[in-house]
Amino acid sequence: DALGSNIELDPSTLEPFATNPLDAVAVQSAADLARSGCYCVAVTGDVFTHLFKQSSEHSDICKRILMRGAVYARMSPEQKADLIERLQEIGYITCFCGDGANDCTALKTADVGISLSEAEASVAAPFTSHTKDIRCVVELLKEGRCSIATSFGCFKFMALYSMIQFTSCCLLYVYNVNLSDGQYLFIDLFTILPIAVCMDRSKPYTRLVPRRPSASLTSKKVLTSLLGNVVLVIAFQVAIFFIVEAQPWYLKPRPDDPSDPDSVPNKCDLSTALFLFSLFQYLFAGIVFNIGPPYRQSAFRNYTYLAAVALLVAFDLWMLLAPVNGFYSLFSIEHTKVSWRFWILGMAVVNFVACYVGERFIFPRIAMPLAKTLRLVRWGLLSTYSRLRGRDTDVLYSPFKSAADIEHGGNLYQVEDNWETAGLWSRLGYRRGRKEYKILLEKMAGGSSWH
């Protein structure tokens, strides 16, 4: 502001420059401003329409205006909707707030439309705010991030619950044994249901963080977390299976009728050990996947969930360490030695620590290296395929090519400017189908600071 007209924006690149090259202060200030990226552009509706009508001639300047634009003034309803569409074309997720009938088109076009009034705009908008300012956008972002984090947590919990029960059944089927009806009922109705219902009662975190939650169930972070915990629970159940068989008091399940191999009773040492151990695995899965900050409040603020977990832990410990004949008969549980019950408890604690440490510290850090390794294996397989087909292997140097690309010799993914100079491991880190605005930000001076 102090320099006034000594600094202007280049009409082609929208980067600051000094109007007088001999003015050292202005030149240095323009360079600092361009490097920091702390400036924006204001556009009127008429200028916006004029530029984008000739977008074929001014495509670069139009995209830079969209990237740098912070004020769009005196725009008609059609121009507002056009602005939203232009931003969506380069990959932005758009939100539009409006309070009148002239905003209805833009409210429908935007990914998130918020009406600031209960008049005509509220009919077109998916969300209506009772406050008349844009503070509601922050609350909506908090709720949205909390919702997606909760949904993914519940998905991983239900998937891991299925794998725990599937593993128990597969191990017991070795001897034609299965969990009893009472055991299935207790697991599904009194363990899984309360945890699943209470997990989603956590409220959004009190502040927003720059990092967004994963938006895909098949993202590397979600899959690494889920598969890592699946491997851990299967490994511990298999360990329990073999440890039970190695005990001197173990009795191998045998059929009541030698002529009928399916007459093996469900009440045996193996089913008892796996059932009591898996009860703690279900609880630990609910604890590990109950994501807290930075998108949800801590689990300790969810009092319904805490009460449900505390009751289930107390009941499972009582069933394990203080056997009652009535409950053991109801759930088809064999009486075992006290030392073995503490063995089960110790294994359960170790399993919980392994899952918790993996979920919080290990799996998020190995997700990217693991994804790169899998892409490298895929690239090697495609290279072999190319050699077998007698094609040039240089075409396959990109790890993102698919079999369809090989057949047509094309590349479905945009290649960055530094692709040729990047090493193979760096190339493996590039995302498939990166959004255009992210590539533009990398090319803009101070682009990362602007966002």
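As shown above, the structure is provided for reference.
Residues numbered from 1 in each chain as written. Predicted model: local features only at pLDDT ≥ 70, side-chain atom pairs only at ≥ 80, totals over all residues. Heavy atoms only, no water.

Please give an account of the nonpolar core that cites residues and values.
Grouped together as the largest cluster of nonpolar side chains are 55 residues, with contacts concentrated most on I187, L270, F275 and M319. Sorting the residues of this core by element identifies α7 (135–172), α8 (181–199), α9 (220–245), α10 (269–288), α11 (303–321) and α13 (338–388) as the ones contributing at least two each. Top contributing element to this core by residue count: α10, with 13 residues. Among all residues touching M319, those that are not within four sequence positions of it are F275, L276, L279, Y328, F331 and I333. Among the nonpolar cores identified, the runner-up in size contains 20 residues, and V43, F48, M75 and L441 belong to it. (Core = buried A, V, L, I, M, F, W, Y, C linked by side-chain atoms within 4.5 Å. Buried < 20%, exposed > 50% of the residue type's maximum accessible area, 1.4 Å probe, protein only. Helix = DSSP H or I, 4+ residues; strand = E, 2+ residues; numbered from the N terminus. Contact = heavy atoms within 4.5 Å.)

Run through the pairing of strand β3 (residues 41–44), naming residues and quoting values.
Here β3 shows one buried face, formed by V41 and V43, and one open face, formed by A42 and T44. Pairing of β3 with strand β4 (residues 69–73), which is carried by four bridges, proceeds in the parallel orientation. Bridge assignment links A42 to a residue of β4, and that residue is V71. (Pairing = 2+ DSSP bridges.)

Before we move on, can you summarise the packing of aromatic side chains with the specific residues and values?
Enumeration according to the criterion identifies 18 aromatic pairs in this entry. Ring centres 5.8 Å apart and planes at 65° place the aromatic pair F315 and W318 in the edge-to-face group. Of this pair, F315 and W318 both sit in helix α11, separated by three residues, roughly a single helical turn. An aromatic cluster of at least three residues, connected via ring pairs, comprises F186, F190, F275, F315, W318, F327 and F331. The ring of Y39 has R68 sitting right over it, with the charged end atom 4.3 Å from the ring centre. (Phe/Tyr/Trp six-rings, centres within 6.5 Å; stacked < 30°, edge-to-face > 60°. Lys NZ or Arg CZ within 6 Å of the ring centre and 35° of its normal.)

Which residues make up the packing of α7 against α10, and what values go with them?
The interhelical angle for the contact between α7 and α10, taken along N-to-C directions, is 170°, at an axis separation of 10 Å. Taken as axis vectors, α7 and α10 run roughly antiparallel relative to one another. Note on element contacts: α10 touches α7 through L270, S271, L274, S278, Q281, Y282, A285 and G286, opposite F157, L160, Y161, I164, Q165, S168, L171 and L172. Among the residues forming the contact of α7 with α10, the class breakdown is 10 nonpolar, six polar and no charged. (Axes fitted to C-alpha atoms, helices over the stretch in contact; angles between N-to-C directions. Parallel < 35°, antiparallel > 145°, perpendicular 65-115°, else oblique. Nonpolar A, V, L, I, M, F, W, Y, C, P; charged D, E, K, R; others polar.)

Can you explain the sheet that holds strand β7 (residues 127–128)? Please cite residues and give values.
The sheet built from three strands is open, its strands ordered β5-β6-β7 with parallel pairing. Of all the strands in the sheet, the pair left with one neighbour each is β5 (95–98) and β7. With two bridges joining them, strand β6 (residues 112–115) and β7 adopt parallel strand pairing. By the bridge assignment for β7, I114 is matched with F127. Contacting β5, β6 and β7, α7 crosses the sheet at an angle of about 135° to β6.

Give me the side chain of S168: which residues, what numbers.
Tracing the backbone through its elements, the reader meets S168 in helix α7. Only 2.8 Å separates the side chain of S168 from the side chain of Q237, close enough to count as a polar contact. Once you skip the residues sitting within four places of it in the chain, S168 turns out to touch Q237, L274 and S278. (Polar contact = N/O pair within 3.5 Å; in protein donor to acceptor, adjacent residues only side chain to side chain.)

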